[in-house]
Amino acid sequence: MVVISVKRFTEIQNFIRNYHGLFINCNLELEAEFPEYSSDTLGSITAKEVVQRVKTNHYKISAKAASLVKEYQTVARETLAHDVLQKMAMELQIPSMVLCRILLGKIYHESCKPEINEMLRMPDLIPDSLLAVNVSYCLYSETMDGPITDLVRRFIGEEYEVRLKKMARDAGMFFYDEGDLRRTGYDKTPDLKMAVPFMYRGQVINWIESKASFGDMDSHKRYVKDQLSSYGNRFGPGIVIYWFGYLESIADCPENGNYVIVTDGFPAKDEMEFLTFNLPAIEEEVAKADDDRISE
């Protein structure tokens, strides 16, 4: 069970905030400093800290884009180095791809945002060859931002959704997934909506949401506001699983109301009790939803 105390979480946050260097090295040193937690948990905490740092400082960094471009061009001309942008990003304590995005937008200010994004995805499109090499180096070495990082995070999220469905089927649950619900007209949908609710620690559970991340207070409150509260209002109480653990205080935060239960894994068999309904009819309805999903 990965539930981190506020005190320990603050120590991890302070380590990240005081670290100067590559984020990949930060994660390695975090693992040595806090060996009781997995690399997934610590990496997720680092990612959330970095996102918050970028949000806080993006405007200030963008405001001095012109001077940053001049600094880059001066050093690049003198050294012809491939890692000028990466070193500048380390000094600013932001992901190198964030700096690349800001500088490309300033240098090629006549290009639209989709064109800048294409340059980030395929640096060979950048007319300046040395700048292209620098952006390419950032692209393939950055672990906190950029097209590759976004793709990896999406795959991890999908992997845990697949894992959740398999666990639910193995447990004998009957459910509808997001695709099933969207076909029936729902806009905001949990990962699993129970066709047959079940009891978990004395509470009726109607849905399960999968989060392949660590649950801190800020992100959890945002999820409750943007997603989980609507699930609770529409379907009743449910579970949100933070697969990489969560901050202990979010389990009891007032925003949860009576409809959000926080866990760090799929419910254990002895914690669940299944309610009995007209199971043959429900099996037929769920099987039809599966057939519709396959036919698409």
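Residues numbered from 1 in each chain as written. Predicted model: local features only at pLDDT ≥ 70, side-chain atom pairs only at ≥ 80, totals over all residues. Heavy atoms only, no water.

The chain goes by CDAN1-interacting nuclease 1 in an unreviewed UniProt entry, where it is assigned to Anopheles christyi.

Description of the overall build of the chain
Just so we agree on the cut-off: Starting at the N terminus, helices and strands are each numbered in turn, a helix being any DSSP run of H or I of at least four residues and a strand any DSSP run of E of at least two. Type-normalised accessible area, obtained with a 1.4 Å probe on protein chains alone, sets the label of each residue: buried when under 20%, exposed when over 50%, and partly exposed for intermediate values. By definition in these notes, contact holds between two residues if any of their heavy atoms fall within 4.5 Å.
When its secondary structure is counted, the chain shows twelve helices and eight strands. Dimensions along the principal axes, computed over C-alpha positions, put the chain at roughly 75 × 45 × 30 Å. Burial status across the chain gives 45% buried among its 296 residues. Considering only residue pairs separated by 6 or more positions, the chain has 64% of its internal contacts joining residues 24 or more positions apart.

Remarks on the domain arrangement of the chain
Definition in use: The split of the chain into domains comes from an automatic or database domain assignment. The buried area of a pairing is the accessible area, by a 1.4 Å probe, that goes missing from both parts when the two are put together, added over both. A carboxyl oxygen of Asp or Glu within 4 Å of a side-chain nitrogen of Lys or Arg is what we treat as a salt bridge. Two N or O atoms form a polar contact when they lie within 3.5 Å of each other; inside protein one atom must be a possible hydrogen donor and the other a possible acceptor, and for residues adjacent in sequence the pair counts only when both atoms belong to side chains.
For the chain, the assigned domains read domain 1 (3-144) and domain 2 (150-274). A separation of 32 Å is found between the C-alpha centroids of domain 1 and domain 2. Domain 1 puts 13 residues into the contact, and the matching count from domain 2 is twelve residues. For the pair domain 1 and domain 2, the summed buried area comes to about 1200 Å², and 59% of that belongs to carbon and sulfur atoms. Summed over the three residues of domain 1 that lose the most area to domain 2, namely Val 3, Phe 9 and Lys 48, the buried surface amounts to 41% of that side. The tally of links from domain 1 across to domain 2 stands at zero salt bridges. The interface formed by domain 1 and domain 2 includes eight residue pairs in polar contact (both at pLDDT 80 or more). Secondary structure elements with two or more residues in the side of domain 1 that touches domain 2: strand E1 (3-4), helix H1 (6-17) and helix H3 (39-63).

Considering H3
Our working definition: Between the first and last residue of a helix there are one fewer steps than residues, each counted as 1.5 Å, and that sum is the expected span. Two axes are fitted around each residue, one to the seven residues ending there and one to the seven starting there, and the angle between them is reported as the bend at that residue.
Its 25 residues give H3 an end-to-end C-alpha distance of 35 Å, which sits within 8% of 36 Å, the value for a rise of 1.5 Å per residue. Along its length, H3 reaches its greatest deviation from straightness, about 50°, at Asn 57.

What to know about the packing of helix H2 (residues 23-33) against H3
So the rule is basically this: All axes here are fitted lines through C-alpha atoms, helices being fitted over the stretch that makes contact, and every angle between N-to-C directions spans 0 to 180 degrees. Roughly parallel means an angle under 35 degrees; roughly antiparallel, over 145; roughly perpendicular, 65 to 115; everything else is oblique. Each crossing gets its hand from how the near helix is turned against the far one by less than a right angle, where anticlockwise is left-handed and clockwise is right-handed. Throughout this entry, Asp, Glu, Lys and Arg are counted as charged residues, while Ala, Val, Leu, Ile, Met, Phe, Trp, Tyr, Cys and Pro are counted as nonpolar. The remaining residues, Gly among them, count as polar.
The N-to-C vectors of H2 and H3 enclose an angle of 135°; their axes lie 10 Å apart at closest approach. In terms of orientation, H2 lies oblique with respect to H3. In the crossing of H2 with H3, the sense of the turn from one axis to the other is right-handed. Along the contact surface, H2 presents Phe 23, Asn 27, Leu 30 and Glu 31, while H3 presents Ser 39, Leu 42, Gly 43, Thr 46, Val 50 and Arg 53. Per-class residue counts for the contact of H2 with H3 are four nonpolar, four polar and two charged.

With respect to the pattern of salt bridges
Oppositely charged side chains can pair when the atoms bearing their charge come close. If you walk through the whole model with that rule in mind, you get 14 salt bridges. Where Lys 7 meets Glu 11, a salt bridge forms, and the shortest distance between an N and an O atom there is 2.9 Å. One end of the pair is Lys 7 and the other is Glu 11, both in helix H1 and four residues apart, which spans about a single turn. Lys 7 sits in the exposed class, given a relative accessible area of 61%. When its relative accessible area of 27% is taken as the criterion, Glu 11 is described as partly exposed. With a closest N to O distance of 3.2 Å, Lys 165 and Asp 177 form a salt bridge. Of this pair, Lys 165 sits in helix H9 (residues 147-170) while Asp 177 sits in strand E2 (residues 175-177), placing them twelve residues apart in sequence. Lys 165 gets classed as partly exposed once you look at its relative accessible area, which sits at 23%.

Let's talk about helix H6 (residues 96-107)
With twelve residues, H6 ought to run about 16 Å at 1.5 Å a step, and its terminal C-alpha atoms sit 16 Å apart, in line with that. Burial in H6 covers these residues: Ser 96, Met 97, Val 98, Leu 99, Cys 100, Ile 102, Leu 103 and Leu 104. In this structure, the buried side of H6 is in contact with H3, helix H4 (65-79), helix H5 (84-92), helix H7 (113-121), helix H8 (129-141) and H9.

Overview of unusual backbone geometry
Note on backbone geometry: most residues besides glycine have negative phi, and most peptide bonds are trans. Although it is not a glycine, Leu 80 sits at a positive phi angle of roughly 55°. Along the chain, the position of Leu 80 falls in the loop between H4 and H5. Overall, Leu 80 belongs to the exposed group, its relative accessible area being 62%. The residue Gln 93 is not glycine, and still its phi comes out positive at about 60°. As for its placement among the helices and strands, Gln 93 is situated in the loop between H5 and H6.

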